[in-house]
Amino acid sequence: MPTTITTEFLGEHPPLDLISTDLDLSATWIRGGEGLIGFGEWKSTSLKGKNRFSDAKKWWHEQLATLKIQNNVHGSGTGPILFVSFAFDSSEESRLVIPKIIVGQKGGKSWITWIGDNTQPTISQYIASKQGGDIEFADGALDEEEWKNRVGKAVQKIKNGELEKVVLARDLVARNTQAIEPRNLIAFLAKNYPSTWVFLVSNLIGATPELLVRLNKSLVTSRILAGTIRKSGDEARDLGLAASLAKSSKDLEEHEYAVRSVADALSPYCSSTNVPESPFVLHLANVMHLATDVTGVLNDSATPVDIFSLIASL
């Protein structure tokens, strides 16, 4: 039976400064200088279909059952960790990764988890270089004319009273003239967007200020964003833009739809929920968002609620 060992981190540098080892960078979850970095893959799989959340739970528990866990640190983020990118569309692949090595940092505490019976792996420091090359953009699933057609149809449905709110997105394909190095992108995003959650799961990379759901013991938290305005770069003007965003009836109405949808999805699982009456303005490097943190306390139930159930509901 493989052993997973968690101990205090013994390296010379803070663990989140370590972006490379002899293993590949496989997963990250970083925010404000704290979080987790995974190297290599101990086990991974892909899932599809409407049962992808329950299938992911089953697969994860099957892997845990094969491990002998030794944890001398304890606390959130210690021990074996599963990183998942769930597809919204059930026909697309969801990716599950359990890294071989994980380094973590939170509240001044640093630790390392590895799978194997050897001593703590040696981890080298790597200074990420700037991502170079020129980027060219091309159409994704929709060309420009079809995109305009979709927008026109959505607007007409709103006028007809068939819809209250529509969220539309168009993908573009970006190709770089140089190979894209994940560690460079992660380092860039973590430095420039410290208030976002910077993530990597396999080849899915990004930074998001929105949090679908967090479950810590019996406390559930979700950060909802809806309503956005671009920053000007002038501090005084940006304060005025933030005030106009906070008072915009259009943005407040759209924000309310999003908040209500999250609160309704969580309510069957919670004995109580807290939904603030009005949002706050979240400032990022390039934009400002209307944001609301919805919290709830799980019901005392004979059937425990896990994170997979909450994700499926949301």
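Rules of the game
- Residues numbered from 1 in each chain as written.
- Predicted model: local features only at pLDDT ≥ 70, side-chain atom pairs only at ≥ 80, totals over all residues.
- Heavy atoms only, no water.
- Salt bridge = Lys/Arg side-chain N within 4 Å of Asp/Glu carboxyl O.
- Helix = DSSP H or I, 4+ residues; strand = E, 2+ residues; numbered from the N terminus.
- Buried < 20%, exposed > 50% of the residue type's maximum accessible area, 1.4 Å probe, protein only.
- Pairing = 2+ DSSP bridges.
- Axes fitted to C-alpha atoms, helices over the stretch in contact; angles between N-to-C directions.
- Contact = heavy atoms within 4.5 Å.

I tried to follow the pattern of salt bridges on my own but got confused; where do I start?
Side chains that differ in sign of charge can pair as their charged atoms come close. Scanning the model with the defined rule gives 10 salt bridges in all. R95 is the partner of E41 in a salt bridge, and the nearest nitrogen-oxygen pair spans 3.8 Å. Of this pair, E41 sits in the loop between β3 (34-39) and β4 (43-47) while R95 sits in strand β7 (residues 94-98), and the two are 54 residues apart along the sequence. In this structure, the salt-bridge partner of E146 is R150, at a minimum N-O distance of 2.8 Å. Taken together, the residues E146 and R150, both in helix α2 (residues 144-159) and four residues apart, mark about one turn of the helix. Among the residues examined, E146 registers a relative accessible area of 27% and is labelled partly exposed.

So what exactly am I meant to see when it comes to the sheet that holds β4 here?
Consider a sheet: its strands pair through backbone hydrogen bonds, and that pairing is either parallel or antiparallel. Ordered by their spatial adjacency, three strands build an open sheet running β4-β7-β6, and the pairing between neighbours is antiparallel. The strands lining the two open edges of the sheet, one partner per strand, are β4 and β6 (83-85). Averaged over all pairs of adjacent strands, the angle between strand axes in this sheet comes to 10°, irrespective of strand direction. Both β6 and β7 contribute to a ladder of three bridges, which runs antiparallel. Bridge pairing links V84 to L96 in β7. Contacting β4 and β7, helix α1 (residues 52-64) runs over the sheet at an angle of about 165° to β4.

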